[in-house]
Structures are given as structure tokens and as C-alpha cells.
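# Examination of the molecular architecture
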Amino acid sequence: MVQVRAMLGMLDPSDTSAESMTRLQQITQLQNTLAALAAQETADGEALRHEEEAGRGVPKSRRGHGFAAEIGLARGQSPARGSKHVGVARCLMQDMPNTLDALAIGQLDEERAQAVVKEVSWLPPEHRTAVDALMAGQFEGLGPRKLAGKVRAHAERLDQHGALERNEIAYSERRVTVRPAAYGMAWVTALVSTQQAVGILATLTRDANSVVNSGETADPTDPTGQARSHGQIMADLFVQRVNGHAPAAVPAEVQVVMTDEALFADGDTPAWVTGHGPIPAQLAKRWLAMPETDVFLRRVFARPGDHQLVGMESRRRAFPASLRRMVVLRDDTCRTPYCDGRIQDIDHATPYRNGGPTSWQNASGLCAGCNQIKENTGWTHQATPEHLSV
């Protein structure tokens, strides 16, 4: 840190708040310039990779496979984010020079540059360049949402038929996802049409207003009957209507790993919800004590020193159900460095075809994308129960 500050001529602390703000502006502009350089380096690296693989006789359809995942690893990010960086770099370098220049001189930051590219990604190259020209000099002062709206308007005007087709494709990708939030909570996200989303929000708002006006705002999960806020009522109505139950009784299988001391005594080791992360032990026991909850206990043994789960082996190629469950409990999310994807496949780190055993030591929980990426040319996995490297 000291060396970086010295390079920037900022070794001594700021004398005034105004000087501090000026320095912060300079640092931010430097970050944007570095983002532009990173985009250029990424695009150049992709071109070089294709040239190198062409020289080695790699078929054209296979050239560049795995490059995006390598970019993710190089940046300390997931393969999915690496793919996003490659797409943005390719678009900026090939089709959008004005947007790239705006990033380089600090009129744009990386987040807003990515928003621009996202809105034109479905356009042919000539239309991307046209949007780039229309937006030249129009970036300053616009937040990501407003900027994306302006770019989208230009894109849809240039290719109305393509915009309609893109909307149909987007509608086909509708889905519901869950991602963990802090303190035992989680975000439920539904990707639906704008019309449906507005209707859902309007309905929940209207009905929550009715509950507030009726005065029946007591929280059914709180023994003291504390009143709920408008937002809490909307959330409870959402859960009730999706599940067909009162908010306190949601049927779902939740795998929770706890120590015996935390479960049966007063141990304070946090419980761990597979795929979501830690929660306080007392909160987990509160869940287990709910009368609507069916509890099934499975003993899982760990080494005393480091609490690493103890596994089992199989001579079969497919991992047996009990071992799969153990690996999911151990790995929690995809084991590829920086990837937090949901585990979908239990993989042989050393491939079965190369003599890799179907064992605890050779098992890795991976998301579907990373399970495919590892098959790319030049990729190898080395794994132990505690660590995986690629």
C-alpha cells in the first residue's frame, strides 16, 4: 500500500478534506483507466490464444475454449465473471471505440461500461458501432439504470425486429433463483416479464395496505405479537401465496450441519446451511423446534483437530448417494476457485478414465459450468478433501 501511494505521489496524508476529495477523484479515474487497459489486454490475449491454437492445429470450433475461465482466475473471480469480462472486452475493442475511450478517460466506470455492452450484445456489429457513435460524449452524469435505458432505446430503434426477438428469448429464460443473504435470510429472485412483475408488486402492495388498514398486523411468528411493518406483511403474503401455507410453515428440505454441542447443549459454534452459509446455532435450534418441522438427524463424523468431515469410498464410477451427500455438505458451493455456484455435479478430480478412484479424496462438488470447463485443453485439477486447485 505504501509503495502504491508513493507511485501516485500520495505518500503523505491529505491536509484538507478538499484535497482528500481531489485525490479520491484521481484514484477513481485511475481505476477506470486500468479497467480500459484490462479490457484491451483481455481482447489481445484472446486473439493471441486463437493464433497459438491455430498454430498447434486445434480445430477452429475448439479454439479459445476455457480462456474466459482463465480470465476469471487471473482476476480472482468466478468463471462466469471471466466470461462476462471477455464479452465486454471483445465488444469494446471491436465495435465500441467511443465507449472504450470514455472508460479510459474516466467518463465511465467499469460497471456502467458493462451496462452499455449488455444492452447492445444482441445487435450485429454495425449497429453496435452506430449506438456507440450516438452515445459518444453522453455518458457523464448518468447512473447505470438511466444509461442502460438510453442505450436500449437506441438499440431498439435501430433493430426493432431484433428487439422483439430478443424479448421473446428473454421471456423463455424466466426462472426463480435463491441466493443467501446475511443473518439467516435469503433473496428469492423471479425473472419474469415486466408486466407480470409490476402486477405482482401492485397486488402485494394493495393487499398489504388492506392488512394494515384492518389493524391485523400482529406477527404470527413472534410470541409477543409484535406488529409487522408494511414490508414485512408483503413478504409474508408472498411466502403464503407461493407455498399455500402460513409464513411460519414452509415445506422444504434444508440441510443444516451442527456440532453435537451446539445441537444438544449450549455450544456456540454456528450451524451451517448447505449452499447458504452460517447461521447462529440458537436460530437453527429455533427452526428445529418449530412444531411444523419434521426433523431427521444424520450423524456425520469429523476429525477432532480440524473438524474435516470423514468420508467413504466406492468402487463404482458413480458416486453413491451417501457419498454425494457428504461431498455436498463438505464443499457447500462449487469448489472452483472464486466460484460460488450451486453444486450440481460430483466430479472425479483425477478422471475415472485415468484411474481416479470414486472416493472422498478424489471427489469435488462442481457447478455444471465448471464441470465442463475442466475438460478444456490444458486444464488439470488437483484435489484433496480440504483443497482444490486448477
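### A few points about the overall build of the protein chain
Helix and strand content of the protein chain: 15 helices and 11 strands. Within the protein chain, the fraction of its 390 residues that count as buried is 31%. If you take every contact in the protein chain between residues at least 6 apart in sequence, the share linking residues at least 24 apart comes to 51%. Carbon and sulfur atoms form 53% of the exposed surface of the protein chain, whose accessible area is close to 24,600 Å².

### Overview of the packing of helix α4 (residues 79-95) against helix α5 (residues 97-104)
Where α4 contacts α5, the axes come no closer than 6 Å and their chain directions differ by 110°. In terms of their interaxial angle, α4 and α5 are classed as roughly perpendicular. Side by side, α4 and α5 meet where Leu92, Met93 and Asp95 of the first sit next to Pro97, Thr99, Leu100 and Leu103 of the second. Taken together, the residues of the contact of α4 with α5 break down into five nonpolar, one polar and one charged.

### Examining helix α7 (residues 125-135)
Because each turn of an α-helix spans 3.6 residues, side chains separated by three or four positions end up pointing in the same direction. Within α7 the residues assigned to the buried category are Arg128, Val131, Asp132 and Met135. The arc enclosing the buried residues of α7, seen along the axis, measures out at 105°, which places them on a common side. Buried residues in α7 make contact with α4, α5, α6 (110-120) and α8 (144-158). Note on α7: the residue one or two positions beyond its end, Gly137, has a positive phi of about 75°.

### Some points on the nonpolar core
Formed by 25 residues in total, the largest nonpolar core has its most connected members in Leu92, Leu103, Leu108, Val120, Phe139, Leu147 and Val151. Mapped by element, the contributors of at least two residues to this core are α2 (17-55), α4, α5, α6, α7 and α8. Counting residues in hydrophobic clusters, the runner-up holds eight residues, among them Phe319, Leu323, Ile343 and Ile346.

### Here's the deal with the pairing of strand β1 (residues 175-180)
As judged from the six bridges shared by β1 and strand β2 (residues 186-191), these two strands associate in the antiparallel manner. Counterpart to Pro180 in the pairing with β2 is Ala186. Taking the residues between adjacent antiparallel strands as the criterion, β1 and β2 are bridged by five residues, where Tyr183 takes a positive phi near 65°.

### Quick word on the environment of Thr203
Structurally, the position occupied by Thr203 is in helix α10 (residues 194-214). In this structure Thr203 comes out as partly exposed when scored by relative accessible area, which is 30%.

### Some remarks on the pairing of strand β9 (residues 363-366)
Moving residue by residue along a regular strand, the side chains alternate between the two faces of the sheet. Across the two faces of β9 the burial is the same, with Ala363 and Gly365 and Ser364 and Leu366 all buried. Judged from the four bridges that link them, strand β7 (residues 345-348) and β9 form a sheet pairing that is antiparallel. For Asp347, the partnering residue across the bridge sits in β9 and is Ser364.

### Quick look at the pattern of salt bridges
Tallying each qualifying case throughout the model produces 13 salt bridges. Between Arg49 and Glu70 there is a salt bridge, and its shortest N-O distance comes to 3.0 Å. Here the residue Arg49 occupies a position in helix α2, and Glu70 occupies one in helix α3 (residues 67-74), the gap between them amounting to 21 residues. Residue Arg228 is joined to Asp236 by a salt bridge in which the shortest nitrogen-to-oxygen separation is 2.9 Å. Grouping residues by exposure puts Arg228 and Asp236 together as buried. Sharing partners across several salt bridges, the network here consists of Arg206, Asp207 and Arg241.

### With respect to the packing of aromatic side chains
Counting across every chain of the model gives zero aromatic pairs. Positioned above the aromatic ring of Tyr171, the side-chain terminus of Arg174 is 4.1 Å from the ring centre. A cation sits over an aromatic face here: Arg330 above Trp360, 4.5 Å from the ring centre.

### Side note on a nonpolar patch on the surface
Together, Val176, Val178, Val188, Phe238 and Val242 make up a nonpolar patch on the protein surface, roughly 450 Å² of accessible area in all. We classify Val188 as partly exposed; its relative accessible area is 45%.

### Comments concerning the state of the cysteines
Taken as a whole and assessed by the stated rule, the structure comprises zero disulfides. Free cysteine: Cys334, not disulfide-bonded; nearest cysteine sulfur from Cys370 at 3.7 Å. Take Cys334: its relative accessible area is 4%, and that puts it in the buried class. Note on Cys339: no disulfide assigned, nearest cysteine sulfur contributed by Cys334 at a separation of 3.9 Å.

### Re α6
Of all 11 residues in α6, eight are buried, a share of seventy percent or more. Those residues of α6 that sit buried are Arg112, Ala113, Gln114, Ala115, Val116, Val117, Glu119 and Val120. On its buried face, α6 is in contact with α4, α5, α7 and α8.

### A word on the packing of α3 against α4
At a closest axis distance of 7 Å, the pairing of α3 and α4 adopts a crossing angle of 105°. As judged from the angle between their axes, α3 and α4 are roughly perpendicular. Between α3, through Phe67, Ala68, Ala69, Ile71 and Gly72, and α4, the contact on the second element is made entirely by Pro79, Gly82, Ser83, His85 and Val86. Across the contact of α3 with α4, the residue classes tally to six nonpolar, four polar and no charged.

About the cut-offs
- Residues numbered from 1 in each chain as written.
- Predicted model: local features only at pLDDT ≥ 70, side-chain atom pairs only at ≥ 80, totals over all residues.
- Heavy atoms only, no water.
- Helix = DSSP H or I, 4+ residues; strand = E, 2+ residues; numbered from the N terminus.
- Buried < 20%, exposed > 50% of the residue type's maximum accessible area, 1.4 Å probe, protein only.
- Contact = heavy atoms within 4.5 Å.
- Areas by Shrake-Rupley, 256 points an atom, 1.4 Å probe, with all protein chains shown as cover.
- Axes fitted to C-alpha atoms, helices over the stretch in contact; angles between N-to-C directions.
- Parallel < 35°, antiparallel > 145°, perpendicular 65-115°, else oblique.
- Nonpolar A, V, L, I, M, F, W, Y, C, P; charged D, E, K, R; others polar.
- Arc of directions from axis to C-beta.
- Core = buried A, V, L, I, M, F, W, Y, C linked by side-chain atoms within 4.5 Å.
- Pairing = 2+ DSSP bridges.
- Salt bridge = Lys/Arg side-chain N within 4 Å of Asp/Glu carboxyl O.
- Phe/Tyr/Trp six-rings, centres within 6.5 Å; stacked < 30°, edge-to-face > 60°.
- Lys NZ or Arg CZ within 6 Å of the ring centre and 35° of its normal.
- Patch = residues over 30% accessible without salt bridge, like charges linked within 9 Å, V, L, I, M, F, W, Y side chains within 5 Å.
- Disulfide = S-S within 2.5 Å.

Treat this as a map of the structure, not an account of what it does.
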